[in-house]
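Summary of structural features
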Amino acid sequence: MQWIAREIIPHEPDLRRWLATRLPPSDVDDVVQESYAILAGMQAVDHIAAPRNYLFTVAKSVMLKSLRKGRVVEMDRFAEAESLQVPCDRPGPEVVVADRQELKRLGAMIEQLPLKCRQAFVLRKLHGLSQRQVAAEMGISENTVEKHMAKAIILLSGAIGRGGNRRLATSLGDDRIADPAWGEVVGGSSSERH
């Protein structure tokens with residue numbers, strides 16, 4: 001079944017690692033194979049919104065079924081297996097907080113772009129307008145939009161590479177200074193500019 005090959009098999013290594021911390025190695029293979037058999041026997045899979053989670057849930061069910069059928073079932077092991085949490089695709093709270101902080105930091109960097117660069121960048125990347133639409137909106141040529149976009153990307157890339165910090169003027173050489181906005185090089189010969 002193509003669905004299993006595309007949506008399930010890529011998660012097998014994660015499933016095996018998850019099971020290996022809970023079962024003897026010989027049981028891991030049995031649980032994985034039984035899980036595949038259950039999934040392959042399904043009439044339809046269009047109701048499965050999160051295939052990875054579904055695979056782990058099926059495997060947990062197979063594991064619990066196996067423990068129930070065992071001749072000697074250690075109650076601690078059964079209780080532990082029954083309370084297992086299926087790994088979730090959604091990020092944890094710490095990842096959500098870190099991502100929000102990163103978005104806030106990126107938003108602050110975008111706000112510090114020169115006005116025309118910022119306008120072109122926001123219209124193109126955040127509002128999804130085409131280069132032609134941005135040019136019409138800003139009353140400039142498409143070539144100028146392209147130049148503003150290139151400058152915005154260079155400035156943002158440089159700022160991200162420096163952790164959002166400006167380049168120090170002292171590191172630029174004697175005849176060059178850093179522009180207060182983004183540490184852009186001003187002065188010196190054009191071949192020396194970064």
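Here the residue numbers are simple positions, counted from 1 along each chain's written sequence. In keeping with the model being predicted, local features are shown solely for residues with a pLDDT of at least 70 and side-chain atom pairs are shown and tallied solely at 80 or more, while totals for entire chains, interfaces and linings include all residues. Side-chain metrics in this entry use all non-hydrogen atoms of the structure; hydrogen atoms and water are not considered.

Notes on the overall build of the chain
We count a stretch as a helix when DSSP gives it H or I for four or more residues in a row; a strand needs E for two or more, and each element gets its number in order from the N terminus. The secondary structure content of the chain amounts to nine helices and two strands. When the helices and strands of the chain are listed from N to C terminus, the series reads α-α-α-α-α-α-α-α-α-β-β. By the convention used here, residues are in contact when the closest approach between their heavy atoms is within 4.5 Å. Long-range contacts, defined here as pairs at least 24 residues apart, represent 49% of the contacts in the chain between residues at least 6 apart.

Examining the packing of aromatic side chains
Ring pairs shown here join Phe, Tyr and Trp side chains whose ring centres sit within 6.5 Å, with only the six-membered ring taken for Trp; geometry is labelled stacked below 30 degrees between planes, edge-to-face above 60, and tilted in between. Applying the stated criterion to the full structure yields one aromatic pair. Centre to centre, the rings of Trp18 and Phe56 are 5.2 Å apart; their planes meet at 65 degrees, and the pair counts as edge-to-face. Of the two residues, Trp18 sits in helix H2 (residues 12–20) while Phe56 sits in helix H4 (residues 51–69), which places them 38 residues apart along the sequence. Burial status follows relative accessibility: with a 1.4 Å probe on protein chains alone, a residue under 20% of its type maximum counts as buried, one over 50% as exposed, and anything between as partly exposed. Judged by its relative accessible area of 0%, Phe56 is buried.

Considerations on the nonpolar core
Buried together is how nonpolar side chains tend to be arranged in soluble globular proteins. Among the nonpolar cores identified, the biggest contains 21 residues, and Ile8, Leu15, Leu19, Val31 and Leu39 are the most heavily contacted of them. Of all elements in the fold, only helix H1 (2–8), H2, helix H3 (25–40) and H4 reach the threshold of two or more residues within this core. Nonpolar cores were defined as sets of buried Ala, Val, Leu, Ile, Met, Phe, Trp, Tyr and Cys residues, with membership established by side-chain atoms within 4.5 Å. Counting residues in each nonpolar core, the second largest holds 16 residues, with Cys117, Ala120, Phe121 and Leu156 among its members.

Concerning the packing of H2 against H3
The convention used is that axes are lines fitted to C-alpha atoms, helices contributing only their stretch in contact, and that angles between N-to-C directions extend from 0 to 180 degrees. Remark: H2 packs on H3, axes separated minimally by 10 Å, with the N-to-C direction vectors making an angle of 135 degrees. Classified by the interaxial angle, the pair formed by H2 and H3 is oblique. By crossing handedness, the relation of H2 to H3 is classed as right-handed. In this structure, H2 uses Glu12, Leu15, Arg16, Leu19 and Ala20 to contact H3, whose residues at the interface are Val28, Asp29, Val31, Val32, Gln33 and Tyr36. The residue makeup of the contact of H2 with H3, split by class, is seven nonpolar, one polar and three charged. Should an angle fall under 35 degrees it is taken as roughly parallel, and over 145 as roughly antiparallel, whereas 65 to 115 is taken as roughly perpendicular and any remaining angle as oblique. By definition, turning the near helix anticlockwise from the far helix through less than a right angle yields a left-handed crossing, and turning it clockwise yields a right-handed one. Note on residue categories: nonpolar means Ala, Val, Leu, Ile, Met, Phe, Trp, Tyr, Cys or Pro, charged means Asp, Glu, Lys or Arg, and polar means any other residue, Gly included.

Considerations on helix H7 (residues 115–126)
With twelve residues, H7 should reach 16 Å at 1.5 Å per residue; the first-to-last C-alpha distance of 15 Å fits that figure. Within the span of H7, buried status applies to Cys117, Ala120, Phe121 and Leu123. At the C-terminal side of H7, Gly128 shows a positive phi close to 75 degrees. Between the first and last residue of a helix there are one fewer steps than residues, each counted as 1.5 Å, and that sum is the expected span.

A word on the pattern of salt bridges
Basic side-chain nitrogens of Lys or Arg form a salt bridge, by our definition, when they fall within 4 Å of a carboxyl oxygen of Asp or Glu. Under the criterion given, the structure shown has seven salt bridges. Between Arg16 and Glu12 there is a salt bridge whose closest N-O contact spans 2.7 Å. Highlighted residues: Arg16 and Glu12, both in helix H2, separated by four residues, approximately one helical turn. Taking relative accessible area as the criterion, Glu12 reaches 19% and is therefore assigned buried. Arg52 is the salt-bridge partner of Asp14, the closest N and O atoms lying 3.8 Å from each other. Note that Asp14 is positioned in helix H2 and Arg52 in helix H4, a separation of 38 residues in sequence. When its relative accessible area of 28% is taken as the criterion, Asp14 is described as partly exposed.

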